[in-house]
Amino acid sequence: MSRPTALLIVRSGCRLNEDATAAARDALDLRHVLESADHDSWAPRLDDLDGRVVLNFLSDRILKGAVLERDAVNFHPAPPEYPGRCTASYALFDSAATF
């Protein structure tokens, strides 16, 4: 059985990018890894890039166009009490015992 094709968008400079890329390669036929800092170079051609599944890992970029018709996962790890991106800061502000 063939694996679905995918493209992965990562936040530039994130220490977890290698792990995210490896996990995506293990599970999917990863065709492209795009860094958020290079948004201006890949955004205009995003609709034309191969990948049935779009993975957004910690990226701060908002996607537009036909790419939104694909299967997608927007991954910003956090507990339900702190949904969204960069939420560890909020947990620290709240003096949360766990995160």
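Residues numbered from 1 in each chain as written. Predicted model: local features only at pLDDT ≥ 70, side-chain atom pairs only at ≥ 80, totals over all residues. Heavy atoms only, no water.

Caption draft 1: Fine view of the overall build of the chain. Scanning the chain for helices and strands turns up 3 helices and 4 strands. Ordered by position from the N terminus, the helices and strands of the chain form the series β-α-β-α-β-β-α. Along the three orthogonal principal directions, the C-alpha set of the chain runs to about 45 × 35 × 25 Å. Residues classed as buried in the chain amount to 34% of the 99 residues present. Taking as baseline every contact in the chain between residues at least 6 positions apart, the subset at least 24 positions apart corresponds to 48%. When the accessible surface of the chain is totalled, it reaches about 6600 Å², and 51% of it is carbon and sulfur. (Helix = DSSP H or I, 4+ residues; strand = E, 2+ residues; numbered from the N terminus. Buried < 20%, exposed > 50% of the residue type's maximum accessible area, 1.4 Å probe, protein only. Contact = heavy atoms within 4.5 Å. Areas by Shrake-Rupley, 256 points an atom, 1.4 Å probe, with all protein chains shown as cover.)

Caption draft 2: Focus on the packing of aromatic side chains. Under the defined criterion, the tally for this structure stands at 1 aromatic pair. Look at Phe57 and Phe75: their rings are 5.3 Å apart centre to centre, the planes differ by 10 degrees, and that puts the pair in the stacked class. Of this pair, Phe57 sits in strand β3 (residues 53-57) while Phe75 sits in strand β4 (residues 71-75), and the two are 18 residues apart along the sequence. (Phe/Tyr/Trp six-rings, centres within 6.5 Å; stacked < 30°, edge-to-face > 60°.)

Caption draft 3: Here's a closer look at the nonpolar core. Judged by nonpolar contacts, Ala6, Leu8, Val10, Cys14, Ala20, Ala24, Leu28, Leu30, Val53, Leu55, Phe57 and Leu58 together constitute the single largest core of 12 residues. Going through the elements one at a time, β1 (5-10), α1 (17-27) and β3 are the ones with two or more residues in this core. Judged by nonpolar contacts, the second largest core, of 9 residues, contains Leu7, Ile9, Trp42 and Val54. (Core = buried A, V, L, I, M, F, W, Y, C linked by side-chain atoms within 4.5 Å.)

Caption draft 4: Quick look at the side chain of Asn17. Mapped onto the elements of the fold, Asn17 is located in helix α1. With residues near it in sequence (within four places) discarded, Asn17 still touches Val10, Arg11, Ser12 and Phe57.

Caption draft 5: Representation of α1 in the model. Those residues of α1 that sit buried are Asn17, Ala20, Thr21 and Ala24. Burial along α1 is one-sided: seen end-on, the buried residues are contained in an arc of 100 degrees. Of the residues in α1, the exposed ones pointing more than 90 degrees away from the buried face are Glu18, Asp19 and Asp26. In this structure, the buried side of α1 is in contact with β1, β2 (29-35) and β3. (Arc of directions from axis to C-beta.)

Caption draft 6: Looking closely at the pairing of β1. Across the 6 residues of β1, 6 count as buried, placing the element largely inside the fold. Neither face of β1 is exposed, since Thr5, Leu7 and Ile9 on one face and Ala6, Leu8 and Val10 on the opposite face are all buried. Note that β1 and β2 share 6 bridges and pair parallel. Residue pairing for β2: Leu8 is matched across the bridge by Val33. (Pairing = 2+ DSSP bridges.)

Taken by themselves, the reported measurements are silent on function.
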